[in-house]
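Analysis of the macromolecular model
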Amino acid sequence: MLASDVTALWLTIKLAFITAAILLIICIPLAWQLASFKGKLKPILEALIAMPLVLPPTLMGFYLLVLFSPTHAFGQFWFWLTGTQLAFSFQGVVIGSLFYSLPFVMQPLLAGFKQINTTYNQAAIALGISPFKRFMYLTLPLLKPSIGSAFALGFAHTLGEFGLVLMIGGNIQGETQVVSIALYDHVESLNYGAAHQLSLVLLAISFACLVLLFKFNKTVINGAANRA
Amino acid sequence: MLKIQCHQRLDDFELHVDLAINQFDILGVFGPSGSGKSSLLQAIAGLTTAQNVCINNHNITHLKPDKRLLTLQLQSCPLFPHLNVMGNLLFTHKHCKNKSNNLTPDQVIDLLALNPLLNRDVSGLSGGERQRVIFARTLLSGQSVILLDEPFSALDWSTRFTMLGAVQQLNKSHGIKFIIVSHSLKELLYCSDTLLHIAKGNVLQCGATQEVVQSIYTNKSQTPLSILSYSKPEFNEAFGLYQLTLSNSQQHLYAVPSLVKQNHKLIIESSQITYSKVKPINESSANVLIGMLENAQQLDEKWLLTVNVDTQLLYCAVSKRQWQQSAVSPGEQIYLTINNLETLN
């Protein structure tokens, strides 16, 4: 494998790991609130969260690029805060990936919270357990399989990111060139041998992620069947 | 003391309860399915809103469920699947605050015979074992007012009577007050001292269990059940049966060991009782009691006889033909044969 490909591979794994970890931190409290929220705005909030599922990644990338631009208030604010630009940087790609993979982390957590709320949490409320103890000793331990699924889905989905990274980050080796872009580069330069090698590695990693995901899902399904 | 005002719209009707009960140890809430029993318990526990809830002169209307100093065991209450049986028991013992009964896990485990189950995974428990563990977990919340919604419906009658006996024992030994919802009058007749009868969200009657039950029978809504108290259960090794001497009486019955419970009560269905004006001869059953016919009342196609056996009332349902041919009048002495006590059906 080419040294540049190893760099791209490492950058992709780093990006996927950071994105999935940050999304878990954001989504756990968000899903907790949303699962028990019964307001009229609920469908709108759920639709907003699910939007990246249907939007073309290039569309999201385009608007994020506009947002990150030094002429935009947000881009200026970021430059004032950190002294760096978000466009064409790894941080910018991370922020883009957060939007891109949000629904993939959110959905398993929402489903997990809904199941826990309707059965176990109701029973614990009736038994007189305080909200904090319910969350710490009941909800979080029961949510473990959903957290595993959410992380694996977020990680796997970010691995295959292409259009959005290309729009926001371009193709800068060691900074924004992820595996999918390096592969595109190889194909464009007709270096099919390197493309095959990189594809194989990406296939193996994606497959491993999905095996883990189904393992977690199986735990959830078996658990539910046993409890029924 | 329980005082509750609750007016809330349910799916098919309005729950309309305005009630004050001065004294109870075990309050039964009886009514057909969908009559608002569970909603009433949830209102008392604070899971739904009620206009006014007062327990033991303490107004808890505006308190959150975990501050009400009571516990509700929901119908179809689940065990927590990430914990084993012991973990489930310790969950409420550790995490429920403001305990007002001093029950320890060891006491509850002994009382409900849970020792063999403690290290088991909850997913492998049978329906009956699950309900025993759920009940034990509820007890260990440490509250002195416990609300139970159909708590033993998955148990066979023998185990159910054992659990109801445990409820009575906990009431006597630890002063825990129970409010038990059930659609089985047999269950409530066995253990409750006060009975609330509701239907379609309205309170029909509330009072001493025996009186309310008798009134329900005369309104034809249930098959009559009798309850017989006894003392001195003595095991007869030759027969393999217990000899039960009736309370305040010299008369006795024989019963299989599984019918003999700690609270010394037998529930007898009207279909188990036959009667005759003369003493049955060549009768293979030894379970014949002498009583005085107090009352005979026609209910549709049958007659309901109320018989006084040394101050205890037994209800016997007979056909119109049987009643007319027997030519018995109130005030006369009759013989009652109690079936199915020496063998289990």
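Moving on, we come to the overall build of chain B. The helix and strand tally for chain B stands at eight helices and 19 strands. The C-alpha atoms of chain B give a radius of gyration of 22 Å, which matches the 20 Å a tight globule of 345 residues would have. Across the 345 residues of chain B, 40% fall into the buried class. When contacts within chain B are restricted to residue pairs at least 6 apart in sequence, long-range pairs at least 24 apart make up 67% of them.

Time to look at the domain arrangement of chain B. Interface size is often expressed as the accessible area that is lost when the parts come together. Residue and element names in this part refer to chain B. According to the domain assignment, chain B consists of domain 1 (2-218) and domain 2 (225-338). Averaged C-alpha coordinates put domain 1 and domain 2 at centres separated by 32 Å. Contacts between the two partners involve twelve residues from domain 1, matched on the other side by eleven residues from domain 2. Among the elements of the structure, α5 (157-174), α6 (185-191) and α7 (209-218) are those that each provide at least two residues to the side of domain 1 that touches domain 2. Grouping the constituent residues of the side of domain 1 that touches domain 2 by class yields five nonpolar, six polar and one charged.

Take the sheet that holds strand β13 (residues 252-255) of chain B next. Residues and elements named next belong to chain B. With antiparallel pairing, the four strands of this open sheet are ordered in space as β13-β12-β11-β14. Strand pairing shows two members of the sheet lacking a second neighbour, β13 and β14 (265-269), which therefore form its edges. Averaged over neighbouring strand pairs, the angle between their axes works out to 45 degrees when direction is ignored. Bridge count for strand β11 (residues 225-236) against strand β12 (residues 241-246) is five bridges, and the pairing is antiparallel. Residue pairing for β12: Asn236 is matched across the bridge by Leu241.

Here the focus is helix α3 (residues 57-68) of chain A. All names here are of chain A. The end-to-end C-alpha distance of α3, which contains twelve residues, comes to 16 Å, matching closely the 16 Å that a straight helix rising 1.5 Å per residue would cover. When α3 is considered as a whole, its buried residues turn out to be Gly61, Leu64, Leu65 and Phe68. One side of α3 holds all its buried residues, which, seen down the axis, span an arc of 105 degrees. Buried residues along α3 sit in contact with α4 (73-82), α5 (90-127) and α7 (163-169).

This part takes up the packing of helix α2 (residues 85-95) of chain B against helix α4 (residues 127-139) of chain B. Residues and elements named next belong to chain B. Orientation of α2 relative to α4, taken along the N-to-C sense of each, is 25 degrees, at an axis distance of 7 Å. With respect to their mutual orientation, α2 and α4 come out roughly parallel. Note on element contacts: α4 touches α2 through Val133, Ala136 and Arg137, opposite Val85, Asn88, Leu89, Phe91 and Thr92. Looking at the contact of α2 with α4, its residues break down into five nonpolar, two polar and one charged.

What follows is about the confidence of the model for chain B. Predicted confidence across chain B gives a mean pLDDT of 87, with 97% of residues reaching 70 or more. Across the whole predicted complex the pTM is 0.78, and at the interface the ipTM reaches 0.77.

The next subject is the pairing of β13 of chain B. Residues and elements named next belong to chain B. Residues Leu253 and Ala255 of β13 are buried on one face, while the alternating residues His252 and Tyr254, pointing to the opposite face, are not. The pairing of β12 with β13 spans four bridges and is antiparallel. Pairing of Leu244 across the sheet is with Leu253, part of β13. Connecting β12 to the antiparallel partner β13 that follows it, the hairpin turn spans five residues, and Asn248 within it adopts a positive phi of roughly 55 degrees.

Another point: the environment of Asn98 of chain B. Residue and element names in this part refer to chain B. Along the chain, Asn98 falls in the loop between α2 and α3 (105-111). A tally of 12 C-beta atoms within 10 Å means that Asn98 is categorised as exposed. Between the C-alpha atoms of Asn98 and Phe239, which are 141 residues apart in sequence, the distance is 51 Å.

Looking now at the packing of α3 of chain A against α5 of chain A. Residues and elements named next belong to chain A. Contact pair α3 / α5: the axes reach a minimum separation of 11 Å and the direction vectors enclose 135 degrees. The angle between the axes of α3 and α5 places the two elements in the oblique class. Judged by the sense of rotation from one axis to the other, the crossing of α3 with α5 is right-handed. For the pair α3 and α5, the contacting residues are Pro57, Met60, Gly61, Leu64 and Phe68 in the first and Gly92, Gly96, Phe99 and Tyr100 in the second. A class-by-class count of the residues in the contact of α3 with α5 yields six nonpolar, three polar and no charged.

This part takes up the interface of chain A and chain B. Between chain A and chain B, the contact holds 18 residues from the first and 20 residues from the second. In terms of residue count, α5 of chain A provides more of the side of chain A that touches chain B than any other element does, seven residues in total. Counted by class, the side of chain A that touches chain B contains ten nonpolar, six polar and two charged residues.

With that out of the way, let us pick up the environment of Ala87 of chain A. Note on placement: Ala87 of chain A falls in the loop between α4 and α5. Residues Ala87 of chain A and Ala3 of chain A lie 84 residues apart in sequence; the distance between their C-alpha atoms is 25 Å.

Here is what the cut-offs are and how they apply
Residues numbered from 1 in each chain as written. Chains lettered and ligands numbered in written order. Predicted model: local features only at pLDDT ≥ 70, side-chain atom pairs only at ≥ 80, totals over all residues. Helix = DSSP H or I, 4+ residues; strand = E, 2+ residues; numbered from the N terminus. Rg over C-alpha atoms; globule rule 2.2 N^0.38 Å. Buried ≥ 20, exposed ≤ 12 C-beta atoms within 10 Å, placed from the backbone. Contact = placed C-beta atoms within 7 Å. Domains from an automatic or database assignment. Nonpolar A, V, L, I, M, F, W, Y, C, P; charged D, E, K, R; others polar. Pairing = 2+ DSSP bridges. Axes fitted to C-alpha atoms, helices over the stretch in contact; angles between N-to-C directions. Expected span 1.5 Å × (residues − 1). Arc of directions from axis to C-beta. Parallel < 35°, antiparallel > 145°, perpendicular 65-115°, else oblique. pLDDT = per-residue confidence, 0-100. Left-handed = near helix turned anticlockwise from the far one by under 90°.

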